[in-house]
Structure formats: structure tokens, C-alpha cells
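So the chains spell out like this:
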Amino acid sequence: MSGAVNHQFALPVSLQWPDDAARVPYQVFLDPAMYAREQECLFRGPIWNYVALEAELPNPQDFKTSFVGDTPIVVTRDKEGGLHAFVNRCAHRGALVCRDLRGNRPTHVCVYHQWSYDLHGNLTGVPFRKGVNGAAGMPEDFQPSQHGLRQLQVATYNGLIFVSFDPQVEPLTEYLGPDIRAGLDRLFHRPVQVLGHSRQFISANWKLYAENTRDPYHASLLHLFHATFGMYRSSQGGGVALDARGRHSSMHAYRKTETEELSAYKNTDLRSYQDKYALADPTLLQGRPEFPGLMIQAIFPNLTVQQIQNTLAVRQSIPRGPEQFELVFTFFGYEDDDAEMRAIRRKQANLVGPAGLISMEDGHATEIVQQAIQCDQEATSIAIMGGREVGGEESLITETGIRGFWRYYRELLGIAGAGKVQKEHGAQENGTWTHENYASR
């Protein structure tokens with residue numbers, strides 16, 4: 001049944017989680033039992049996992065390897081242009097079938113014993129299946145059709161490819177919800193072109209990064225570059241929109257006057273604003289007016305879609321065990337960008353990524369949390385900025401997106417109390433910040 005809890009991956013008996021999505025036991029970032037349960041009930045549960053941009057597979061027979069949780073998969077485009085995805089594990093002895101990040105080929109062959117598979121994941125060839133000179137070989141009842149690679153559900157939205165293990169998962173458009181779709185419509189409104197990738201390994205649990213990308217409150221405090229050069233400040237206008245279940249978050253900010261923005265920073269001891277700093281290369285921020293402000297969308301479980309100035313990217317976080325994850329940035333522009341705009345996007349890519357002028361602090365922030373919570377695992381973090389409720393906010397000083405993430409996480413893992421909440425997103429006729437507000441700026 002869709003969404004059913006697999007009790008083979010039980011919750012740790014020692015887990016003590018307050019009946020409150022605003023407090024999170026440190027144990028959930030460390031316990032191998034929690035990690036195993038996530039792989040089965042979350043990543044293989046009734047959700048959609050982002051794996052690629054369609055622009056990464058433009059031609060028939062193109063492929064890209066990716067992950068759903070820690071399960072390796074392959075995404076392919078068949079000769080007719082259709083998209084497929086299957087688990088990247090040979091049906092014979094369990095070896096990786098495809099060992100390249102991306103490429104183009106009509107079949108995928110396991111190097112171990114050369115079992116071969118088509119672009120759908122069907123088994124098409126077994127060496128020595130009939131034996132040699134009539135001796136040995138596979139049993140007579142061996143049926144290749146019963147030994148293909150596990151195939152996943154595939155759906156796309158505006159060129160983003162999602163997959164699911166669950167055949168009864170809700171339609172992707174419903175899963176995303178109207179606010180997330182509005183943001184994706186804004187960025188993916190015409191064909192895109194991939195500009196490049198970056199990847200880094202971070203010594204922290206993947207959920208700490210999921211919190212980070214749902215936390216507009218930290219961004220102008222941790223990131224000196226943001227606040228000093230006015231790209232993002234908590235005193236700007238904007239807010240956070242959540243989907244109906246709180247799982248996805250869309251944060252958007254727009255500029256006010258310099259005087260209005262700096263009033264919250266001047267005459268304070270905040271290190272994140274330094275009025276004597278200047279850029280050695282001011283052209284870094286001399287882009288083109290393209291979007292009204294900044295937008296960060298965090299799509300459950302581990303996709304982030306960013307628009308910061310003129311740099312556009314999707315970020316996929318891939319769990320590598322309880323205490324490490326890989327973060328992959330895919331930078332893109334539009335097919336019809338002129339040479340100048342393409343150069344602007346490439347230069348502004350220096351804002352993010354492993355050594356980005358903004359995002360380099362995010363990886364470090366998650367690591368220092370991971371280091372500090374190793375003991376006292378029964379203790380909890382708190383995420384009560386803006387209250388204990390889950391719902392959209394017309395403010396950038398809020399942790400509502402973090403609370404929404406944990407509420408849905410608890411629901412998927414079968415943790416009691418997951419549904420309790422004081423404010424529902426669907427009842428926010430007043431005071432909700434939406435993409436319609438954002439678009440009018």
C-alpha cells in the first residue's frame with residue numbers, strides 16, 4: 001500500500017521526540033536506525049525525488065546517473081525521446097551497471113559478467129546463457145523478462161525530472177502544489193541550457209542542509225556577503241510560502257531602499273554587515289535586471305532551486321550515511337541567452353557552490369552542528385522563530401519552513417503527533433506571502 005510503514009526499519013527504541021515539530025532531537029541526525037528508516041519510508045516512500053534536468057539528456061540514448069536517497073539509479077532517454085529510470089544495480093550479482101556520470105549509449109552493460117540492459121532497464125543479454133558446447137548454461141526456466149532492473153515512476157515539470165519508487169504516488173503537479181509550481185514557472189519559462197556542475201562532500205547529516213535551505217532567518221546573519229552588498233537582508237521585503245502539507249518552502253525577497261534595509265543592521269554588533277568592505281571586481285554584481293529580487297525554493301526531500309541575481313541553479317543533496325552528504329549544483333541559463341548574459345551567469349556562479357562567496361558558510365554551518373551534537377542525543381534543537389505554527393509568513397525572520405519539513409518527515413516515518421499544528425497553510429487568506437505578491441513588485 002502506498003505510504004505504508006515498513007516495520008523492518010523500526011524507529012530507535014530510545015527515540016524521545018516531543019509532540020512538537022519545532023523541537024528536533026539530535027538523535028535523528030546521528031542514529032543509523034533513523035537513517036535506514038528514512039531510506040525505506042521516505043526516499044522509497046510516496047514522494048517524488050528530483051534526479052536531473054531534461055536539458056542534461058537532450059538526445060536519444062543520453063543517460064545520467066543519480067541517486068534516490070543512497071540508492072544509485074540511471075535516468076535515460078530512449079530512441080523515441082521518452083524518459084526512463086531504473087535502479088543501477090545488476091540483477092545478477094548486484095554490481096553497479098553504469099559507472100559514468102553521464103553519456104550516450106544504446107545499452108548498459110555490467111562490467112562484472114556483461115549482463116546487458118536496454119534503455120528501459122530490461123535485460124537483453126546474458127553471456128553463455130546456453131552454455132558452451134552444450135554444457136552448463138542457465139537453467140531452462142530462466143526468463144530474462146523476470147530479471148530486469150527495477151524501474152521507477154518518472155514525471156517531469158517544466159524540464160525538471162522526478163522519480164518515485166511508489167507506483168501510487170500522487171501526481172507530480174499535486175505533490176508540488178500551486179506556490180512551488182508558480183516559482184518553477186517563473187524560472188523555467190523557456191528552454192534552459194546547462195552551464196556546468198559543482199559538487200562537494202559535507203560531513204553532516206543531509207537533513208541539516210534541508211533545514212538550512214528553509215531558513216531565511218540565517219541568511220543575512222551567517223553570510224557577510226549577502227548583508228554587506230545588499231543581495232539579501234532580513235530587513236528586505238518578502239516572505240515564505242509553503243505547500244498545503246508544509247513539506248516544500250518557497251522564500252522570496254525584494255529590495256527596499258538602502259536606508260530602510262540598513263536600519264536593522266547599523267548600530268548593532270552584527271558581524272554580517274561591514275560597511276567598509278568593497279569588491280575588488282564590482283562587475284561581479286553588475287548583471288541585468290531579470291527577476292524581482294531573490295528566490296530560494298526547497299522541495300521535499302532534497303532539492304533546492306535558486307535564483308540569486310542572474311545565477312540560476314538546482315541543488316541536489318545526496319545522503320552518504322548518517323553523517324555525510326554530497327551536494328551537487330547544476331548551473332543553467334536559457335538557450336536564447338546572448339554571449340554577454342551567459343558570461344554574467346558564469347561569473348555569478350562564484351556566489352554559490354563549494355567555495356561560493358555566499359554558500360561556502362552553509363556547508364561549514366552544518367558541519368559544526370554535526371560536531372557539537374554527538375553527545376546528549378536526547379537533547380533537542382528549537383525552531384520557534386516566528387512561533388510554533390506551520391504556514392506561510394509575510395516575513396523573512398521565520399523558521400516556519402523548518403517546522404513544516406519536520407512535520408511531514410514525522411508523518412512519513414510514522415512518528416506520533418506528526419499531524420498536530422496550530423495554523424494550517426490552507427487557512428491563510430490574510431497575511432500570506434504568495435508569488436502573486438512577489439510578481440507585483
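Our subject is the structure listed above.
Here the structure is a predicted model, which is why all the values come from computation and not from measurement. (Residues numbered from 1 in each chain as written. Predicted model: local features only at pLDDT ≥ 70, side-chain atom pairs only at ≥ 80, totals over all residues. Heavy atoms only, no water.)

A.B. asks: Explain the overall build of the protein to me, please; I cannot follow it from the model alone.
C.D. replies: Broken down by element type, the protein carries ten helices and 19 strands. Here the protein, with 441 residues, has 53% of them falling under the buried criterion. Sequence-distant contacts, at least 24 apart, represent 67% of the contacts inside the protein between residues at least 6 apart. By element, 50% of the accessible surface of the protein is carried by carbon and sulfur atoms, the whole surface being about 19,000 Å². (Helix = DSSP H or I, 4+ residues; strand = E, 2+ residues; numbered from the N terminus. Buried < 20%, exposed > 50% of the residue type's maximum accessible area, 1.4 Å probe, protein only. Contact = heavy atoms within 4.5 Å. Areas by Shrake-Rupley, 256 points an atom, 1.4 Å probe, with all protein chains shown as cover.)

A.B. asks: Would you take a moment to explain the layout of surface pockets for this structure?
C.D. replies: With a probe scaled to a water molecule rolled over the atoms, the places where space remains empty come into view. Considered as a void within the structure, the largest pocket measures approximately 500 Å³ in volume. Along the walls of the largest pocket sit 19 residues, with L208, E211, D215, V369 and I402 positioned nearest its centre. Counting only elements with at least two residues in the lining of the largest pocket, the list comes to α3 (206-212), α4 (216-222), α8 (360-372) and β19 (380-382). Of all the elements, α8 adds the most residues to the lining of the largest pocket, at four residues. Class assignment of the residues belonging to the lining of the largest pocket gives a composition of twelve nonpolar, four polar and three charged. (1 Å grid on protein atoms, 1.4 Å probe; cavity = no way out; pocket = protein on both sides within 12 Å on 5 of 7 lines; lining within 4 Å. Points joined across faces, edges and corners; volume = space filled by probe spheres on them. Nonpolar A, V, L, I, M, F, W, Y, C, P; charged D, E, K, R; others polar.)

A.B. asks: How should the side chain of Q316 be read in this particular structure?
C.D. replies: The residue Q316 is located in strand β17 (residues 311-319) in this model. A polar side-chain atom of Q316 sits 3.3 Å from the main-chain carbonyl oxygen of Y50. Filtering out sequence-adjacent residues up to four positions away, Q316 remains in contact with Y50, V51, S66, F67, N302, E326, L327 and V328. (Polar contact = N/O pair within 3.5 Å; in protein donor to acceptor, adjacent residues only side chain to side chain.)

A.B. asks: Can you walk me through the nonpolar core in this structure?
C.D. replies: Here is a general trend for soluble globular proteins: nonpolar side chains tend to be buried in one another's company. Among the nonpolar cores identified, the biggest contains 85 residues, and L42, L160, L176, F188, V305, V314 and W406 are the most heavily contacted of them. A per-element tally of this core places helix α9 (residues 400-413) first, with seven residues. Residues from two domains meet in this core; each of domain 1 (1-47 + 178-441) and domain 2 (49-155) gives at least three. Excluding its chain neighbours within four sequence positions, the residues that come into contact with F188 are L53, N158, L160, V305, V314 and F332. (Core = buried A, V, L, I, M, F, W, Y, C linked by side-chain atoms within 4.5 Å. Domains from an automatic or database assignment.)

A.B. asks: I would appreciate a short explanation of the packing of aromatic side chains in the present structure.
C.D. replies: The way to describe two aromatic rings as a pair is by their centre distance and the angle between their planes. Here the structure, examined in full by the defined rule, presents 15 aromatic pairs. Ring geometry for F300 and F405: centres 5.3 Å apart, planes at 45 degrees, overall tilted. With F300 in the loop between β15 (294-299) and β16 (303-308) and F405 in helix α9, this residue pair connects regions lying 105 residues apart in the sequence. On the accessibility criterion, F300 (1% relative accessible area) is buried. Ring geometry for F329 against F331: centres 5.9 Å apart, planes inclined by 10 degrees, an arrangement best described as stacked. As far as the burial class goes, F329 and F331 line up, both buried. Members of the aromatic cluster, each reached through a chain of ring pairs, are W17, F29, F43, W206, F300, F405, W406, Y408 and Y409. (Phe/Tyr/Trp six-rings, centres within 6.5 Å; stacked < 30°, edge-to-face > 60°.)

A.B. asks: Which parts of the structure should I look at to understand the sheet that holds strand β6 (residues 102-104)?
C.D. replies: Whenever strands of a sheet pair, they do so through backbone hydrogen bonds, lying parallel or antiparallel. Reading across the sheet, the four strands line up as β5-β4-β3-β6 and stay open at both edges, with antiparallel pairing between neighbours. Because the sheet does not close on itself, it has two edges, and the strands there are β5 (83-87) and β6. Across this sheet, the average inter-strand angle for adjacent strands is 25 degrees, counted without regard to direction. Taken together, the five bridges between strand β4 (residues 71-77) and β5 define a ladder with antiparallel strand orientation. Among the inter-strand pairings, V75 is bridged to a residue of β5, identified as A85. (Pairing = 2+ DSSP bridges. Axes fitted to C-alpha atoms, helices over the stretch in contact; angles between N-to-C directions.)

A.B. asks: Looking at this structure, I do not really get helix α2 (residues 172-187). What am I missing?
C.D. replies: Every α-helical turn comprises 3.6 residues, leaving residues that sit three or four positions apart pointing alike. Taking 1.5 Å of rise per residue, the 16 residues of α2 would be expected to cover 22 Å, yet its terminal C-alpha atoms sit only 18 Å apart, more than 12% below that figure. The largest bend in α2 comes to about 85 degrees, at P178. Regarding α2, the residues found buried are L172, Y175, L176, G177, D179, I180, G183, L184 and L187. (Expected span 1.5 Å × (residues − 1). Bend = angle between axes of the 7 residues up to and from the residue.)

A.B. asks: Looking at this model, I keep getting lost on unusual backbone geometry. Mind explaining?
C.D. replies: Negative phi values dominate among residues other than glycine, just as trans dominates among peptide bonds. Note the cis peptide between F300 and P301, where omega equals 5 degrees. Tracing the sequence through the fold places P301 in the loop between β15 and β16. The backbone of Q61 shows a phi angle near 80 degrees, a positive value even though the residue is not glycine. Overall, Q61 belongs to the buried group, its relative accessible area being 17%. Its identity as a non-glycine residue notwithstanding, Q309 has a phi of 55 degrees, on the positive side. Since its relative accessible area comes to 29%, Q309 is described here as partly exposed.

Treat this as a map of the structure, not an account of what it does.
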